[in-house]
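Structural characterization, general
Letter by letter, the chains look like this.
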Amino acid sequence: MKARSALVLIGMSFVVPVLMCASTFYVNALAGSDSNLGTSPSSPWKTLEKVNTHKYEAGDRIMLRAGSRWEGQLVLSVSGAVGAPIVVDRYGDGALPHIDGDGKVENVIELVNVEQIEVRHIEITNLGEQPGVRRGVLIAADDFGTAHHVLVSDLYI
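Looking at the pairing of strand β1 (residues 24–27)
- Bridge count between β1 and strand β2 (residues 61–65): four bridges; the pairing is parallel. Considered in β2, the bridge of Val 27 is made with Leu 64.
- In terms of handedness, the path from β1 via helix α2 (residues 48–53) over to β2 forms a crossover that is right-handed.

Written as structure tokens, this is what we have:
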């Protein structure tokens, strides 16, 4: 019994430093600017391009402003860690944040070769004028092995 307790304490000591370094990034299509630090609701980023190019760390959170609307694609290319997933969610009151591929992208949200990711509370559309291959969300592991803890919930597609 004592050995088991020691293992739990040792395992937890690795999670705590990861969580202490985690950051929260805010994105607001109406009031943001990509020259902002993005680390507070009063100085959010504006575009998905900024979100897509940032290099996230385990435990980071990407918070999309309720009522905001973006055209394009959200691509996460970095994995979180066990107990410290990278989370995409909404903040503020109002309608779900809305990402519209506008028929110009194949996948509005793309999670390829990543794990320890959570995506919640987003509206997704991808209608186009011409027929084509379009998806709201693509989750794929291509020559990656088993991807663990890829969670999508409360999406309106």
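From this point on, the discussion continues.
A word on the sheet that holds strand β8 (residues 117–120)
- Judged by pairing direction, the sheet is parallel, and its five strands sit side by side in the order β1-β2-β5-β8-β11 without closing on themselves. Two strands lie at the open edges of the sheet, namely β1 and β11 (150–153), each paired on one side alone. Across this sheet, the average inter-strand angle for adjacent strands is 15°, counted without regard to direction.
- Bridge count between β2 and strand β5 (residues 86–91): five bridges; the pairing is parallel. Counterpart to Arg 61 in the pairing with β5 is Val 87.

Brief notes about the nonpolar core
- Ranked by internal contacts, the top residues of the largest apolar core, which has 24 residues, are Ile 62, Leu 64, Val 88, Ile 99, Ile 109 and Ile 122.
- At the level of elements, β1, α2, β2, β4 (74–76), β5, β7 (107–112) and β8 are the ones that each hand at least two residues to this core.
- Residue contributions to this core peak at three residues, all from β7.
- With near-sequence residues (within four places) excluded, Leu 64 lies in contact with Val 27, Trp 70, Val 88, Asp 89, Arg 90, Tyr 91, Pro 97, Ile 99 and Ile 122.

Here is what the cut-offs are and how they apply
- Residues numbered from 1 in each chain as written.
- Predicted model: local features only at pLDDT ≥ 70, side-chain atom pairs only at ≥ 80, totals over all residues.
- Heavy atoms only, no water.
- Pairing = 2+ DSSP bridges.
- Helix = DSSP H or I, 4+ residues; strand = E, 2+ residues; numbered from the N terminus.
- Right-handed = clockwise from strand over helix to strand, strands pointing away.
- Axes fitted to C-alpha atoms, helices over the stretch in contact; angles between N-to-C directions.
- Core = buried A, V, L, I, M, F, W, Y, C linked by side-chain atoms within 4.5 Å.
- Buried < 20%, exposed > 50% of the residue type's maximum accessible area, 1.4 Å probe, protein only.
- Contact = heavy atoms within 4.5 Å.

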